[in-house]
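A structural walkthrough
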Amino acid sequence: FRRGKTMPEKSPLRIFISYGHDEYAELAERIKNDLHLKGYDSWFDRNRIQPGNYFDCEIEKGLIWLTEDKSRARFLYLMTPHSVRRPNGFCLNELAFAMMKELSIFPVMVQMCEPPLSICRIQWFDMQECFPPDEKADSYLESFKKLLQALEDDNWDFEGSTKSLLAKLDPIDFGPDMLRHLKDFTGREWLKKEIEEWLEGKRPGNKQVFWIKGKPGIGKTAISSWLASTMYEVVAAYFFRSDSPEKRDPVRFIHNLVYHMSTQVPEYREQLYALTFGVDHYLEKYKNDPNDLFNNLVILPLYRAGMKDRKTLAVVIDGLDEASEESGDNEIARLIARQLEKAPSWLKFIVTSRSEAGINAEL
């Protein structure tokens, strides 16, 4: 720098703390207080929302305040079973807003739970050993120090149990696509009720595929995005696109399926870690063989997990027709049909597509 010139001071970080009003709220308040002591500007609902004010409106003001300086904005998402609950969790609405505004999102695991699918590619920071913060002061202070550094550097690169799988599987990020279709979504509660009855085995035939067929433009992708965002039973989602060779690739489809399920089903994740030769061995060996790849990384680990009494879980597949070849052949439909015959009965698929001969023949 030239003599007499100094670097301009950075404005304080703006940190929105999203948390569940549960027994872990004490940790959220401690983080808020310590951020304040360090000179950070945070938004915390208990300080901002006055009695008599509309809760939703005040939260929206806080999120808008966050966007006024995006370079210094941080969305701190404290994850507990209460804060990630679907479909009626307030925190999920806050998270969706932060994603639509392309803000920096920092998930923190406070009590072990399944992260929302929309952010499952973001490595979370582990603060499970920091509660209660007063009783576990040493652990809390060490973690808070790392948290501050990550927030200031805008870098959330932590070692974690899912990081190695993320690197190996490199799943496609469908979060922006989902949010775009969810923005103006409304209604369809009747459809959700039918799907819930199907998941509970109350519909005739108890089929493993719930197939939503319709012409282009009726909102199939919006429905898929809505189901993936609001239904707790959905453990993976994939969106096929005819104009994207990557998104039409059967192997990439399996990569996403494996990674999503690993973040949502702990028993399955443990079986992936326990594979004798490791996940990367199967990714290389069967990189040109989707059927064997699906069998070794999906079907077999699910069976080895021994989840016979597990409640029904679902995978959402949107736009299956967009994976069709010009000849009408659809390798993905054939893959699903063959593999579901071997899959546990509690694993089901929700599929959207146009009505096509190639898909009809398989499903």
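Predicted model, so just to flag it, every value in this text is computed and none were measured. (Residues numbered from 1 in each chain as written. Predicted model: local features only at pLDDT ≥ 70, side-chain atom pairs only at ≥ 80, totals over all residues. Heavy atoms only, no water.)

1. Observations concerning the sheet that holds strand β4 (residues 104-109)
Taken in spatial order, the 5 strands line up as β2-β1-β3-β4-β5 in an open sheet, and their pairing is parallel. Pairing within the sheet leaves two strands with one partner each, and these edge strands are β2 (41-43) and β5 (125-126). Examined bridge by bridge, strand β3 (residues 73-79) and β4 share 6 bridges and lie parallel to one another. Paired with F75 across the strands is I105, a residue of β4. Most of the contacts of helix α4 (residues 90-100) go to β3, to which it runs at about 150 degrees, and overall it touches β1 (14-18), β3 and β4. (Pairing = 2+ DSSP bridges. Helix = DSSP H or I, 4+ residues; strand = E, 2+ residues; numbered from the N terminus. Contact = heavy atoms within 4.5 Å. Axes fitted to C-alpha atoms, helices over the stretch in contact; angles between N-to-C directions.)

2. Overview of the environment of R248
Positionally, R248 belongs in helix α10 (residues 245-248). Using a relative accessible area of 23% as the deciding quantity, one classes R248 as partly exposed. When the C-alpha atoms of R248 and W43 are compared, they prove to be 42 Å apart, with 205 residues separating the residues in sequence. Residues in contact with R248, not counting those within four places in the same chain, are Y238, F240, R241, S242, E322, A323, S324 and E325. (Buried < 20%, exposed > 50% of the residue type's maximum accessible area, 1.4 Å probe, protein only.)

3. Regarding the environment of P87
Mapped onto the elements, P87 comes out in the loop between β3 and α4. Dropping the residues within four chain positions of it, P87 is found in contact with K192 and T230.

4. With respect to unusual backbone geometry
Cis geometry is adopted by the peptide bond preceding P132, which originates at F131 and carries an omega value of -5 degrees. Locating P132 in the fold gives a position in the loop between β5 and α5 (137-153). Located in the positive-phi region is E102, a residue other than glycine, with phi close to 55 degrees. Relative accessible area serves as the criterion here: at 69%, E102 is assigned to the exposed category. Despite not being glycine, D170 has its phi angle at roughly 45 degrees, a positive value. Its location among the elements puts D170 in the loop between α6 (163-169) and α7 (175-182). Residue classification places D170 among the partly exposed residues on the basis of a relative accessible area of 42%.

5. Points about the nonpolar core
Counting 70 residues, the largest nonpolar core has F253 and F349 as the members making the most contacts within it. Tallying contributions element by element places helix α11 (residues 250-264) first for this core, with 7 residues. Every residue in contact with F349, bar those within four places of it in the chain, is listed here: W198, Q208, V209, F210, F253, F294, V315, I317, I336 and L340. Core analysis: the next-biggest nonpolar cluster, separate from the first, contains 28 residues, L13, A28, L78 and M127 among them. (Core = buried A, V, L, I, M, F, W, Y, C linked by side-chain atoms within 4.5 Å.)

6. Brief notes about the layout of surface pockets
The space that makes up the largest pocket amounts to roughly 830 Å³. When residues of the lining of the largest pocket are traced back to their parent elements, those giving at least two are α3 (55-67), α4, α7, α8 (189-199) and α9 (220-230). The dominant element in the lining of the largest pocket, judged by the number of residues it contributes, is α4, at 9 residues. Of the residues assigned to the lining of the largest pocket, the class counts are 18 nonpolar, 6 polar and 7 charged. Lining the second largest pocket are 24 residues, with M99, D173, G175, P176 and L179 positioned closest to its centre. Those elements that place two or more of their residues in the lining of the second largest pocket are α4, α7 and β7 (234-239). Counting residues per element, the lining of the second largest pocket draws most heavily on α7, which supplies 5 residues. Residues that form the lining of the second largest pocket fall into these classes: 16 nonpolar, 3 polar and 5 charged. (1 Å grid on protein atoms, 1.4 Å probe; cavity = no way out; pocket = protein on both sides within 12 Å on 5 of 7 lines; lining within 4 Å. Points joined across faces, edges and corners; volume = space filled by probe spheres on them. Nonpolar A, V, L, I, M, F, W, Y, C, P; charged D, E, K, R; others polar.)

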